[in-house]
Amino acid sequence: MIKEQLAALDKVNLVLGGGTGLIMSVVLALIMFGIALSIDTTTLKNVFIKPKSILTGVLLQWIGLPAVTFLIIMCLNPFLTPMCCLGMLLVASCPGGNISNFMSSFSKGNVELSVSMTAVTTVFAPVFTPFNFWFWGNMYLKYASLRGTLSIPHLEIPFSEIFKTVFLILGIPIAAGILFSHFFPKVTDRIKKFFRIFSLVVFAVMVLGMFIPNWQIFIKYILFIFLLVFIHNASAFGIGALGATLMKLPKRDRRSITIEVGIQNSGLGLTLLLNPAIFKPEIWNNPETGILYGGMLCITAWWGIWHIISGLALSSYFRSRPL
């Protein structure tokens, strides 16, 4: 029953306005610029002087989360479709989300560590996002091909196109924001609060803008999407908390790492999916090839909504607990 419903979801065409991919790219670039305004180079140096916490967090983000995602897929494989599995792996391959720093601050965590993790994973996203998706995606596809559940033998990843896209919408805005903050500190102090609020509001509006025209589709399949994303997102928070605890990090650091690993830049995942140079229309979402990726889109889009809800709930819980 579940697998049949998710298979039907793959064939769904979401209603997306013209230029949606470009709009998302511009919005993400502005959001990352706003995040970079809060990056203090002195603070970054202090975090890296004692690198245990940031190394733990970054390794959990780059290695731990994709590996745990793969294990979840293996465990739930009888109930899942290949496109939902690839959607989960795509989200797990993205860097930390743009709202994690706000949530870390609200939860009384180590904001400097959170900002540093976001900065590091974002700056290296042009390399690690395509590599992780390629590596874990092909691991899954080999398994799926052996079971006869998917006809494509391997995942073709246009590394240069993904590198260029991620570099343009993440790398350049981060660099520009750090330089702006360094050379115009007074202006930065006046506008960075605005950009912090802007990042929350605009990201929510962007995701809702995709959700509203397709609400009937989401309502029809929401139970299955919700359960899958709930398990995936809870596991992301869990691996962050467990890894930080095993490393015996300070409680403030554990809170920030937990949130950082559980909040993913799913907006980047949607931007990649909507880029025809990366997910080529002649291969992906093409009835002739039989590769329809409605499940990937819906999983990634719902992540964008759910991790805001779950992240705020977890942050509120942390805030209510003494350090």
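Just above, that's the structure.
Everything in this summary refers to the structure shown in the same document. (Residues numbered from 1 in each chain as written. Predicted model: local features only at pLDDT ≥ 70, side-chain atom pairs only at ≥ 80, totals over all residues. Heavy atoms only, no water.)

1. Quick notes on the packing of helix 9 (residues 159–183) against helix 13 (residues 266–273)
Here comes step 1: In contact at an axis separation of 11 Å, helix 9 and helix 13 are set at 135° when each is read in the N-to-C sense. Between helix 9 and helix 13, the angle falls in the class oblique. Between helix 9 and helix 13 lies a crossing of right-handed hand. Here I162, T165, V166, I169 and L170 of helix 9 come into contact with helix 13, specifically with L268, T271 and L272. (Axes fitted to C-alpha atoms, helices over the stretch in contact; angles between N-to-C directions. Helix = DSSP H or I, 4+ residues; strand = E, 2+ residues; numbered from the N terminus. Parallel < 35°, antiparallel > 145°, perpendicular 65-115°, else oblique. Left-handed = near helix turned anticlockwise from the far one by under 90°. Contact = heavy atoms within 4.5 Å.)

2. Digging into the nonpolar core
Here comes step 1: Formed by 75 residues in total, the largest nonpolar core has its most connected members in L86, Y140, F279 and M296.
Here comes step 2: Ignoring any residue separated from it by four or fewer positions in sequence, one finds M296 in contact with M83, L86, G87, L90, F133, L273, F279 and W284.
Here comes step 3: Core analysis: the second largest hydrophobic core is formed by eight residues, I99, M103, I263 and L314 among them. (Core = buried A, V, L, I, M, F, W, Y, C linked by side-chain atoms within 4.5 Å. Buried < 20%, exposed > 50% of the residue type's maximum accessible area, 1.4 Å probe, protein only.)

3. Observations regarding the packing of helix 13 against helix 14 (residues 294–320)
Here comes step 1: Contact geometry for helix 13 and helix 14: axes closest at 9 Å, N-to-C directions at 155°. Classified by the angle their axes make, helix 13 and helix 14 are roughly antiparallel. Considering only the axes of helix 13 and helix 14, their crossing is left-handed. Facing helix 13, whose interface residues are S266, G269, L270 and L273, helix 14 presents M296, L297, T300, A301, W303, G304 and H307.
Here comes step 2: Classifying every residue of the contact of helix 13 with helix 14 by side-chain character gives six nonpolar, five polar and no charged. (Nonpolar A, V, L, I, M, F, W, Y, C, P; charged D, E, K, R; others polar.)

4. Examining the side chain of S53
Here comes step 1: Tracing the sequence through the fold places S53 in helix 4 (residues 52–76).
Here comes step 2: Within polar-contact distance, the side chain of S53 engages the side chain of D253 at 2.5 Å.
Here comes step 3: Setting aside chain neighbours within four positions, we find S53 in contact with L113, L249, P250, D253 and I257. (Polar contact = N/O pair within 3.5 Å; in protein donor to acceptor, adjacent residues only side chain to side chain.)

5. Here we look at the side chain of N265
Here comes step 1: With respect to the helices, strands and loops of the structure, N265 is situated in the loop between helix 12 (251–262) and helix 13.
Here comes step 2: Excluding residues within four positions of it along the chain, N265 makes contact with L28, M32, C94, P95, G96, G97 and L170.

6. Examining empty space enclosed by the protein
Here comes step 1: Inspection of the entire model under this criterion finds one cavity of 30 Å³ or more.
Here comes step 2: Roughly 50 Å³ of volume is contained in the largest cavity.
Here comes step 3: Q61, W62, A92, S93, C94, P95, T121, A125, F128, T129 and N132 are the residues that line the largest cavity.
Here comes step 4: A per-element tally of the lining of the largest cavity places helix 8 (residues 125–146) first, with four residues.
Here comes step 5: For the lining of the largest cavity, the residue count by class is six nonpolar, five polar and no charged. (1 Å grid on protein atoms, 1.4 Å probe; cavity = no way out; pocket = protein on both sides within 12 Å on 5 of 7 lines; lining within 4 Å. Points joined across faces, edges and corners; volume = space filled by probe spheres on them.)

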